[in-house]
2 protein chains.
Amino acid sequence: MANGAQKERVSGSLTAGSLTARLQAAVRERGQRWTEQRQLIVDVLAASDGHATGAELVERVRQDDPSATPSTVYRTLDLLEELGLARHHHGPDGRETYHLEETTEHGHLHCRGCGAEQELDAAAAAPILKAITGATGFSADLDHLSLQGLCATCRADQKG
Amino acid sequence: MANGAQKERVSGSLTAGSLTARLQAAVRERGQRWTEQRQLIVDVLAASDGHATGAELVERVRQDDPSATPSTVYRTLDLLEELGLARHHHGPDGRETYHLEETTEHGHLHCRGCGAEQELDAAAAAPILKAITGATGFSADLDHLSLQGLCATCRADQKG
DNA sequence: CCCCTTATTGCAACGTGTTGCGATAGAATC
DNA sequence: GATTCTATCGCAACACGTTGCAATAAGGGG
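Quantities reported herein were computed from a predicted structural model and do not represent experimental measurements. (Residues numbered from 1 in each chain as written. Chains lettered and ligands numbered in written order. Predicted model: local features only at pLDDT ≥ 70, side-chain atom pairs only at ≥ 80, totals over all residues. Heavy atoms only, no water.)

**A word on empty space enclosed by the protein**
One simple way to see leftover space: roll a probe sized like a water molecule over the atoms.
Link 1 in the chain: If you walk through the whole model with that rule in mind, you get 1 cavity of 30 Å³ or more.
Link 2 in the chain: By volume, the largest cavity amounts to about 230 Å³.
Link 3 in the chain: What lines the largest cavity is a set of 18 residues, among which H90 and S146 of chain A together with H90, G91 and S146 of chain B lie closest to the centre.
Link 4 in the chain: Broken down by secondary-structure element, the contributors of at least two residues to the lining of the largest cavity are β2 (86-90) and β7 (146-150) of chain A together with β2 (86-90) and β7 (146-150) of chain B.
Link 5 in the chain: Residues belonging to the lining of the largest cavity are distributed by class as follows: 4 nonpolar, 14 polar and no charged. (1 Å grid on protein atoms, 1.4 Å probe; cavity = no way out; pocket = protein on both sides within 12 Å on 5 of 7 lines; lining within 4 Å. Points joined across faces, edges and corners; volume = space filled by probe spheres on them. Helix = DSSP H or I, 4+ residues; strand = E, 2+ residues; numbered from the N terminus. Nonpolar A, V, L, I, M, F, W, Y, C, P; charged D, E, K, R; others polar.)

**What to know about the protein's contact with DNA strand D**
Link 1 in the chain: Around DNA strand D, a shell composed of 22 residues is seen, among which Y74 and E96 of chain A together with Q37, R38 and R75 of chain B lie nearest.
Link 2 in the chain: Backbone polar atom of A55 of chain A to a phosphate oxygen of DNA strand D: 3.0 Å apart, as the coordinates give it.
Link 3 in the chain: Within the side chain of R75 of chain A, a nitrogen or oxygen atom sits 3.4 Å from a base oxygen of DNA strand D.
Link 4 in the chain: Those elements that provide at least two residues to the surface near DNA strand D are α3 (54-64) and α4 (70-82) of chain A together with α2 (36-47) and α4 (70-82) of chain B.
Link 5 in the chain: Among the residues forming the surface near DNA strand D, the class breakdown is 4 nonpolar, 10 polar and 8 charged. (Near = heavy atom within 4 Å. Polar contact = N/O pair within 3.5 Å; in protein donor to acceptor, adjacent residues only side chain to side chain.)

**Considering α4 of chain A**
Link 1 in the chain: Between the first and last C-alpha of α4 of chain A there are 18 Å, a value that for 13 residues agrees with the 18 Å anticipated at 1.5 Å per step.
Link 2 in the chain: Here α4 of chain A has its buried residues at V73, T76, L77, L79, L80 and E81 of chain A. (Expected span 1.5 Å × (residues − 1). Buried < 20%, exposed > 50% of the residue type's maximum accessible area, 1.4 Å probe, protein only.)

**Notes on the environment of A126 of chain B**
Link 1 in the chain: Structurally, the position occupied by A126 of chain B is in helix α5 (residues 122-136).
Link 2 in the chain: Separated by 16 residues in sequence, A126 of chain B and L142 of chain B place their C-alpha atoms 9.1 Å apart.

**What to know about the nonpolar core**
Link 1 in the chain: Grouped together as the largest cluster of nonpolar side chains are 31 residues, with contacts concentrated most on I132 of chain A together with I132 of chain B.
Link 2 in the chain: Put simply, the parts of the chain that give this core at least two residues each are β4 (106-111), α5 (122-136) and β7 of chain A together with β4 (106-111), α5 and β7 of chain B.
Link 3 in the chain: Here the element with the most residues in this core is α5 of chain B; it accounts for 5 residues.
Link 4 in the chain: Excluding residues that lie within four positions of it along the chain, I132 of chain A makes contacts with G137, F138 and A140 of chain A together with I128 and L147 of chain B. (Core = buried A, V, L, I, M, F, W, Y, C linked by side-chain atoms within 4.5 Å. Contact = heavy atoms within 4.5 Å.)

**Details of the interface of chain B and chain A**
Link 1 in the chain: Facing 38 residues of chain B, the contacting portion of chain A comprises 38 residues.
Link 2 in the chain: Summing the contributions of chain B and of chain A, the shared interface buries around 2,800 Å²; its carbon and sulfur component is 60%.
Link 3 in the chain: The three residues of chain B that bury the most area against chain A are F138, D141 and Q148 of chain B, which together make up 20% of that side's buried surface.
Link 4 in the chain: The interface formed by chain B and chain A holds 2 salt bridges in total.
Link 5 in the chain: Measuring nitrogen to oxygen at the nearest pair gives 2.6 Å for the salt bridge that ties R112 of chain A to D141 of chain B.
Link 6 in the chain: Those elements that place two or more of their residues in the side of chain B that touches chain A are β4, β5 (117-121), α5, β6 (139-140), β7 and α6 (152-159) of chain B.
Link 7 in the chain: For the side of chain B that touches chain A, the leading source of residues is α5 of chain B, giving 8 residues.
Link 8 in the chain: Class assignment of the residues belonging to the side of chain B that touches chain A gives a composition of 19 nonpolar, 15 polar and 4 charged.
Link 9 in the chain: Of the strand pairs in this sheet, strand β6 (residues 139-140) of chain A and β7 of chain B are connected by 2 bridges, and their pairing is antiparallel. (Buried area = accessible area lost by both parts, 1.4 Å probe. Salt bridge = Lys/Arg side-chain N within 4 Å of Asp/Glu carboxyl O. Pairing = 2+ DSSP bridges.)

Nothing here speaks to function; it is all geometry.
Right, here's the structure in full:
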């Protein structure tokens with residue numbers, strides 16, 4: 001087995017109130033513990049509902065609790081990913097970007113011409129994922145899909 | 001303008017002997033200089049013809065020239081990318097991997113089940129790239145395409 | 001409520017890249 | 001080959017993440 005930890009999904013309808021309780025239960029079931037820091041990190045992640053880099057999250061957590069260290073934040077983010085609550089992917093520069101799983105699953109397109117970043121929702125991605133499976137037998141994770149290339153506008157500009 | 005430097009392709013038929021001469025000419029045309037370190041870095045990159053991480057390249061260069069520093073190696077790799085000779089992409093862990101442009105352009109598939117890494121050649125990728133363009137108008141760079149997901153074998157295992 | 005086990009934390013050090021700056025050394029010109 | 005201009009180099013410091021280890025604290029059992 002290559003997978004260390006089992007993934008048990010926690011999410012579902014993530015109403016703010018029940019989220020903590022659910023997480024707490026899920027964590028305890030795994031023989032792990034619920035701490036104030038973990039609570040805080042979940043709160044911060046939920047508050048920055050778009051995308052946030054690891055460094056940004058660390059900074060925001062430390063605003064509320066200066067005693068928190070990067071290692072704790074990153075370890076907690078890893079835990080949240082194992083629980084299926086958070087996700088991360090790597091931008092074109094290789095830096096990590098995190099977001100809550102409750103955000104609709106989506107891919108990322110990064111244009112090397114104008115630097116624009118656009119999201120790719122499940123519907124738009126469906127034919128792409130199908131093509132990938134058809135060509136390779138591979139079932140790609142939409143959430144880890146991060147493409148680089150030229151957007152339609154920049155392609156037109158280049159031709160002109 | 002988002003693009004800092006113009007990209008002028010250097011490659012073509014990269015016979016070992018002429019490569020250096022061509023590079024040297026291309027570099028000088030840009031008002032830049034050809035140095036022993038750059039020569040060495042090109043040699044190392046050519047010798048490790050598959051994929052090598054930035055750190056690996058730094059280490060190999062330092063074996064031949066201990067005075068070389070990481071900053072020089074990385075700056076040279078950037079230059080080689082601008083010249084179109086080298087390429088890099090980010091693995092699932094975000095680390096950089098470099099390879100010579102002469103290597104056939106290809107994407108990467110990383111299986112989160114068994115950890116296997118497989119390459120995706122241009123022919124196999126064609127329908128995928130077409131699907132991407134169809135769904136998004138986006139012209140994706142095959143060489144920067146790094147997918148994560150489950151390979152056919154692991155998908156079958158999961159069902160069993 | 002206290003004790004015990006051990007998961008979690010903070011720290012310190014490391015790994016991988018990046019950046020600013022003064023010193024060095026290409027290479028074009030004389 | 002000496003001079004001059006400036007690109008490149010090495011260094012030192014930084015940014016982002018990761019890891020090992022000893023101290024702390026969560027939380028289950030007596």
